[in-house]
Amino acid sequence: MAQTPGAQRAGVRFPKLTFTLEQETPQFGPRVGRLCLTRSSDSPCNHVIDIPTPNFLVGTSRGVVPHFSRDHVRSANGISWINVPFESFLEHTPPVPTYQAGPQPLHNFLGFDSSKHIVSLSLRDPLDAREMPPNGSTHASALCMRGVRKVTLADWRSYVLKMQPDIAFALSDTPFTAAPHSQKRITKSIERSAAWLADLLRPVGSTINDSTSESNHTHPLNVFVHMAGGASTSARKSFSYSLTETLHGLEADAVKPLLCLDEGVAGYAFDLAVLHMRPAPLLAHNDRGRCIEIPENPLVLQNSESLAGMTTPDTASTPTSHSSSTIEPLSFLSLTPTLDELLRASLGPLPTLKPRLVTGVRSPHEILRLIRDIGVDVFDAGWVVKAADIGVALDFIFPVPSGHDSGPDRKRDIGHNLYDSKYAHDFTCLTDAFLAGNNTTPSSTSPVCPCIACSPVAPTSPIHHSKVDVQSHEAHSNDGVVRGQFLPPFTRAYLHHLLHTHEMSAHTLLVAHNVAVLDALLTGVRTMLLGHADQNEAAAVFSQEITRFEETYDGAMSVLYTARDDWKDVKHARGKGRLAREAQKDKEAQSVHSTEV
């Protein structure tokens, strides 16, 4: 494949990622920190992007945040970290983004603001858990528009060094086949993931065709590693120990001057999408059975202290390779380990002063429990985007303000299904929770929710898309019009109308609103944890507020299931002529199939 590009030479200045905690915290438990990315520049002061944690990242499809234009991304103050799955560009060889030249090619190609956004690069979409062909010893399988592509280690290293992302995810041998997996497959997954990480951690100047001077033997990349091990606690411990063990011989020379793989790792990533899948029956006749999600369980992260007293292997007597020697036989493995146990098994042997990223969360309840029981720092916002896809405007707040508790009959929904006909004449704003928390009403000077749906703002200056626009607006720059005040919020009835008429702007407004609600949730978490000088007191109050949140809001998120059914009805009603007839035929066929089942 292509040789390692010139981006890897010493002339390119890669950004530096640092993570600090506001207070000294235990291995597991709620914590507040700061994730800082420093970009070198020719000016006297380097540019720094500062992200307080806990926080979130937003995923993309072909480099685009779903339903958002570039202007929407720039105006959303809550979006600071954007992840780009590179597999969506693999239908062309070489991938089109690799043709971008100049500094920060990934930012420039996709149009993201390098002064505001951290852009990370992963091979696969962490939310895509569809069954895939198995990986090989020297390649990982990726899915693009034209089918499955094999990406070798040299290919991925070349793409990363060419695109120069702020954060790069190392390849991981994750089995995307139906569980359970054999002990041999788990062992192979651990060994491959560690070897693929070591390949990415090789010094920038350590290729055959590059200069190997001492100045080039540096590690400029900010690498996150996917924590391997699947649903086995012992396998996860083995992979973590393989990151911290001291390397010797050729393995040490390959990543020199690093003494162990963990020294080159900037953070740890956990993909929950695969763990949330229910194992397929052995005699299943429908492949869809492999992709059924486990329903949200309020007790999924309980029994947090079950591993607190568990003995760990003695590092002095541990063999050089833990991946094949410390994995328990399948007969001894727990059949139903909780997410809490799996994440603790991975993080137990590792240092605490590195960020922890979790993708594939499904609810605000799960986010709060992962912060409380594990100490997760960054989450993905995929679930709030999916809620917007089916017409749900999220409406919750943390901590729950007084007087906003659930009623005696049922808990509050986490949002509003705007496909429902009851919103056809509801001319209120999208959020009730924010109003309860602020005891105010929307106005032109005091917004309740900062999103473009609840607090639309007229642009203070014309939006220029070309030089012609610049020239045409120069004469009207001083028109005396006062701008910057908030316009009336878009109502639920208006979005209900947009959804039923298939207007794309409906989903744009909903994504902006849902992202703002998620940002407010995590802002409330940080404010609460920093509001107490005593760390134990803060953790106790935080736990009480989580319990109150769970008692107030529906953890089963039934509104999403109702909205999905209403969305399907509107989808089938779309179209005229042949399209409408085909949609009706499809709907009738599904109805007959459901009746037979």
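Since the model is a prediction, treat every value here as computed from it, not as a measurement.

J.: Hey, could you run me through the pairing of strand 2 (residues 33-39) in this one?
T.: A regular strand places its side chains on the two faces of the sheet in alternate fashion. Summarising burial for strand 2: 5 of the 7 residues are buried, a large majority. Examined bridge by bridge, strand 1 (residues 16-21) and strand 2 share 6 bridges and lie antiparallel to one another. Across the sheet, L17 pairs through a bridge with L37, a residue of strand 2. One ladder, built from 7 bridges, connects strand 2 with strand 3 (residues 47-53); its direction is antiparallel. Along strand 3, the bridge assignment pairs T38 with V48.

J.: How should unusual backbone geometry be read in this particular structure?
T.: Residues other than glycine predominantly adopt negative phi, and peptide bonds predominantly adopt the trans conformation. Put simply, T53 and P54 share a cis peptide bond, and its omega is 5°. Along the chain, T93 connects to P94 via a cis peptide bond; the corresponding omega equals -5°. Among the structural elements, P94 can be located in the loop between strand 5 (81-85) and helix 2 (105-110). We note that Q104 has phi near 50°; this positive angle belongs to a residue other than glycine. Of note, Q104 is situated in the loop between strand 5 and helix 2. Q104 gets classed as partly exposed once you look at its relative accessible area, which sits at 25%.

J.: How should I be thinking about the side chain of T98 in this particular structure?
T.: Here T98 is to be found in the loop between strand 5 and helix 2. Polar side-chain contacts of T98 include one of 2.5 Å to the backbone oxygen of P95. Ignoring sequence-local partners within four residues, the contact set of T98 consists of F86, Y159, K162 and M163.

J.: Is there a simple way to explain helix 9 (residues 364-373) in this structure?
T.: Because an α-helix packs 3.6 residues into every turn, residues spaced three or four apart end up facing the same way. Burial of helix 9 is extensive: 10 of the 10 residues sit out of reach of the surface. Those residues of helix 9 not exposed but buried are P364, H365, E366, I367, L368, R369, L370, I371, R372 and D373. Of the residues flanking the end of helix 9, it is G375, one or two places downstream, whose phi is positive at about 90°.

J.: I would appreciate a short explanation of helix 14 (residues 504-530) in the present structure.
T.: When the terminal C-alpha atoms of helix 14 are compared, their 40 Å separation across 27 residues agrees well with the 39 Å that a helix rising 1.5 Å per residue should span. Counting buried positions along helix 14 gives 20 out of 27 residues, so the element sits mostly inside the fold.

What counts, and at which threshold
- Residues numbered from 1 in each chain as written.
- Predicted model: local features only at pLDDT ≥ 70, side-chain atom pairs only at ≥ 80, totals over all residues.
- Heavy atoms only, no water.
- Buried < 20%, exposed > 50% of the residue type's maximum accessible area, 1.4 Å probe, protein only.
- Helix = DSSP H or I, 4+ residues; strand = E, 2+ residues; numbered from the N terminus.
- Pairing = 2+ DSSP bridges.
- Polar contact = N/O pair within 3.5 Å; in protein donor to acceptor, adjacent residues only side chain to side chain.
- Contact = heavy atoms within 4.5 Å.
- Expected span 1.5 Å × (residues − 1).

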